[in-house]
Amino acid sequence: MTSDATAVAVEQVSKTFRISTDPVMSFKERLVRLWRTSHVTFDALRDVSIDVRQGETVGIIGHNGSGKSTLLKCMAGIITPTSGQVLVRGRLTSLLELGAGFHPELSGRENVYINAAFYGMARKEIDRRFDEIVAFAELDRFIDEPVKHYSSGMYVRLGFAVAVNLDPDVLLVDEVLAVGDELFQAKCLSRIKQFQREGRTIVFVTHDAATVRQICDRAVVLDRGSVIVDGRPDEAISTFREHLHGSLSERPALDGEALGDGGVIAEVASRPAGADGDRSGRFHIEPGGGVDLRITLRPVSPIAEPIVAIEISDRNDTLVYSADTDGLGIKVPPIEEACRLVLGLERVWLLSGEFHVSIKLLDRADGAVHGWREHATTFEVRSPRRAEGIAAIDVTLRREPG
Amino acid sequence: MADTAASPAVAAPLRPMSGRRTTRGHLAEIGRYGELLHMLVRKELTVRYKNSLLGFTWSMLQPLFYLVVYTAVFAILGAGFERFAVWILCGLLTWTLISSSLTTSTTSITANAALVGKVKFPRAVLPLASVGAALVHFCLQFVALVAVLAALRHPVDWSYVWLLPFALLTALVVCCSCALLLAAANVYARDTAHLLDLLVLGWFWATPVLYHFGRAAEWLESIGITPWVLYGNPATPVVITFQRALYGRDFVGAGDSISLLPHHAPLWYLGVLGITIGLWTAVGWVALRVFDRAEVNLAETL
């Protein structure tokens, strides 16, 4: 259902590829074999519907083979869906390839014009924005040199500089932004945030959960051509990760249902350290206090040398602590059947905040991930100290004689 | 995350991103990408001459080179007539426009497979850019031809010269229609390029470039076929117009006057060109529709 506020409407899009097992690629072959060919059909997308509202930033996550590249190409207009359609309001620019049309013999200047022309820009527009583009790419001194003399970093910066100065209403981006160094990535990210402030619509296809949490309002998870989750980023990512785990263990794969309880890490509950096993309810600790994490495990197969990994992050998804029992020198007894482990966080020197805990269960022998629970539980710290930041540090002051 | 009060209310309607278009819509889309077409033609030329010594003057020297070679060859062979080399050039230039348009446009899409799979733009721009580049070469060579005619003070038939732009236009309509069909065909059947080579060879001999139209017409009549068959080849009216205007109807020089071309008024030539343009515009319309249909599955096939 589209409304006036819809920027991109993916309406029941399905895409089936007919892959010829022995393709006919010439007139000669066709004459010889007439029309006898064998095909295999592959359903890349199955009845996908997504409604992106104006000003939203939607992230699309999925493993390789989930159909996310195909979906992206359908949205970009490069591939035509077998059924259904993609509708877009306004100008859509897709950044699937930076430097489209670049020719090594031509200068940076000439390549900017060609690249911009590929995105449908008129000459006057390019003239107007040329200086901005060169400034963004920081290539003022080299702009008239042939592109074959550029380093790969310069090449990418130039391509990106053209792409971001395009003034689209809808921007489609994929992992192309992963290319480039940290400084460049920071620049890309800040430009994307600027686009968001300007109210533009962005569709972002990625593997990187952290970026999705950072900038997306909404996330859609694709698995084998279908949408399995469409909602808040943290929920979607949890489901994505659980799904990944689901396909790694020997369990029969789950067909698109969101994982609720169940899974190898059946439950994680946090308690104040030393509290009674069955007492539930909200609690908080002070800096330096302890938290017990009661982990209920239901392994699918026995694990000879288990490793428990823990990751604690704050409300803004900043990593506070990450370690595993192997690194900490803690030996975990072999796990054969359902059991309960208690991971004690003894002295938690954190300032006020709500902290999420993620738990991973691995096998030391082959590194296989048996269970993974993202944001399995939380605990709260209330600090009476008047200090900012994450870490709680005891500070004293004295005067030295002399 | 976005401040909805500040967001630009995009008033445009929802448009589909892919699928079939009307012919008018297709042409409009190509028009929107006019800048791209222009840049691709420029790129083709700049890249070709970037590191060469003489730059684009190579294009102009080519006709002069042919002139020298053909004059020498036919002087030795003793065939042909006065200023035969000039006669040949008149036809050869337009023929080169047609043949090079077709051969380069056939591979224009397959050679740019990476682009086609990653960026959205009307694919028709690629074969049309090949035609554009061939046109630019033609213009450069034409300048050289004009210089030769001026140097020799050749009696150009001015009452026919105004037909030249129409002849050129006819050639372009033919080139563009064929370019679209060939480029699309080559994606689905890669030997189109090879088949085209053979076709071009045959087509060359079916066009009165090296021989004169009058001779071919006589021969056909002698075996009972109407010479109108020769006009089935769209290149023929174009070539004979150029020959008529720039070389003249009868051959230059003393001695027996042989009629190289039929005795027709300029308006007759205009008529034949007009019919050819009309016919090939219809072919072009079909070519656009076929191309549009082929474009649906282009990215996956490449």
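Shown above is the structure to which this text applies.
The sections below set out a description of the structure shown in this document. Once a new chain begins, its residue numbering starts again from 1 and follows that chain's sequence as written. Lettering of chains starts at A and numbering of ligands starts at 1, both following the order in which they are written. In keeping with the predicted nature of the model, local features appear solely for residues at pLDDT of at least 70, side-chain atom pairs appear and are counted solely at 80 or more, and the whole-chain, interface and lining totals rest on all residues. As a convention, hydrogens and water are excluded, and side-chain values are obtained from all of the structure's heavy atoms.

**Quick word on the overall build of chain B**
Working step 1: In this description a helix means any DSSP run of H or I spanning at least four residues, a strand means any run of E spanning at least two, and both kinds are numbered starting from the N terminus. Counting secondary structure elements, chain B contains 13 helices and 1 strand.
Working step 2: Judged by the C-alpha coordinates and their principal axes, chain B covers about 90 × 50 × 35 Å.
Working step 3: Burial classes: relative accessible area under 20% of the type maximum marks a residue as buried, over 50% as exposed, and values in between as partly exposed (1.4 Å probe, protein chains only). Expressed as a percentage of its 302 residues, the buried residues of chain B come to 50%.
Working step 4: All accessibility values rest on the Shrake-Rupley procedure with a 1.4 Å probe; residue burial counts only the protein chains present in the view. By element, 68% of the accessible surface of chain B is carried by carbon and sulfur atoms, the whole surface being about 14,100 Å².
Working step 5: Considering chain B, the positive charge centre built from 20 side chains and the negative charge centre built from 15 side chains are found 8 Å apart. Under the counting rule used here, the positive set is Lys and Arg, the negative set is Asp and Glu, and His together with the chain ends is not counted. Where a charge sits is defined by one atom per residue type, namely NZ (Lys), CZ (Arg), CG (Asp) or CD (Glu).

**As for helix 5 (residues 152–164) of chain A**
All names here are of chain A.
Working step 1: Given a helix with a known number of residues, its expected span is that number minus one, times 1.5 Å. The terminal C-alpha atoms of helix 5 lie 18 Å apart, and with 13 residues this matches the ideal 18 Å at 1.5 Å per residue to within 8%.
Working step 2: The complete set of buried residues in helix 5 reads M154, V156, L158, G159, F160, A161, V162, A163 and V164.
Working step 3: We call two residues in contact whenever any of their non-hydrogen atoms come within 4.5 Å of each other. Of the surrounding secondary structure, the elements contacted by the buried residues of helix 5 are strand 5 (92–95), helix 3 (108–118), helix 4 (123–137) and helix 6 (182–197).

**Observations regarding the pairing of strand 12 (residues 289–297) of chain A**
All names here are of chain A.
Working step 1: Counting buried residues along strand 12, 9 of its 9 residues qualify, which places the element largely inside the surrounding structure.
Working step 2: Along strand 12, one buried face is formed by G289, V291, L293, I295 and L297 and the opposite face, lined by G290, D292, R294 and T296, is buried too.
Working step 3: Here the rule is simple: two strands pair whenever DSSP picks up at least two bridges between them. Where strand 10 (residues 265–272) meets strand 12, 7 bridges bridge the pair, whose relative direction is antiparallel. Within strand 12, the position partnered with P272 by the bridge is V291.
Working step 4: Summarising the sheet, strand 12 and strand 15 (residues 339–348) pair through 8 bridges and their orientation is antiparallel. Residue pairing for strand 15: R294 is matched across the bridge by V342.

**A word on the state of the cysteines**
Working step 1: Cysteine sulfurs are considered disulfide-paired once they come within 2.5 Å of each other. Summed over the entire model, instances satisfying the criterion amount to 0 disulfides over all chains.
Working step 2: Left without a disulfide partner, C139(B) is nearest to the cysteine sulfur of C175(B), which lies 12 Å away.

**Here's the deal with the packing of helix 1 (residues 23–32) of chain B against helix 12 (residues 266–295) of chain B**
Residue and element names in this part refer to chain B.
Working step 1: A fitted line through C-alpha atoms represents every axis, and for helices the fit uses only the stretch in contact; the resulting angles, taken between N-to-C directions, go from 0 to 180 degrees. In contact at an axis separation of 10 Å, helix 1 and helix 12 are set at 80 degrees when each is read in the N-to-C sense. The angle between helix 1 and helix 12 falls in the class roughly perpendicular. Seen from helix 1, the contacting residues are T23, H26, L27 and I30; seen from helix 12, they are W285, L288, R289, F291, D292 and E295.
Working step 2: Only Asp, Glu, Lys and Arg are considered charged, only Ala, Val, Leu, Ile, Met, Phe, Trp, Tyr, Cys and Pro nonpolar, and every remaining residue, Gly among them, polar. Class assignment for the residues of the contact of helix 1 with helix 12 results in 5 nonpolar, 2 polar and 3 charged. To sort the angles, those under 35 degrees are grouped as roughly parallel, those over 145 as roughly antiparallel, those from 65 to 115 as roughly perpendicular, and the leftovers as oblique.

**Remarks on the packing of helix 3 of chain A against helix 4 of chain A**
All names here are of chain A.
Working step 1: One can describe the packing of helix 3 onto helix 4 by two numbers: an axis separation of 10 Å at closest approach and a directional angle of 130 degrees. Here helix 4 runs oblique to helix 3, going by the angle between their axes. Once helix 3 is placed against helix 4, the crossing between them reads as right-handed. Touching R109, V112, Y113, A116 and A117 of helix 3 are R123, I126, D127, F130 and I133, all from helix 4.
Working step 2: The class makeup of the residues in the contact of helix 3 with helix 4 is 7 nonpolar, no polar and 3 charged. The sense of a crossing depends on the near helix, which, turned anticlockwise from the far helix by less than a right angle, makes the crossing left-handed and, turned clockwise, makes it right-handed.

**As for the interface of chain B and chain A**
Working step 1: Facing the 45 residues of chain B at the interface are 55 residues of chain A.
Working step 2: Surface buried jointly by chain B and chain A totals about 4,100 Å² across both partners, of which 62% is contributed by carbon and sulfur atoms.
Working step 3: When a carboxyl oxygen of Asp or Glu lies within 4 Å of a side-chain nitrogen of Lys or Arg, that pair is called a salt bridge. Where chain B touches chain A, the interface holds 2 salt bridges.
Working step 4: A salt bridge links K15(A) to E300(B), with the shortest nitrogen-to-oxygen separation between them at 3.0 Å. Here the buried area means the combined drop in accessible surface, using a 1.4 Å probe, for two parts upon being joined, counting both sides.

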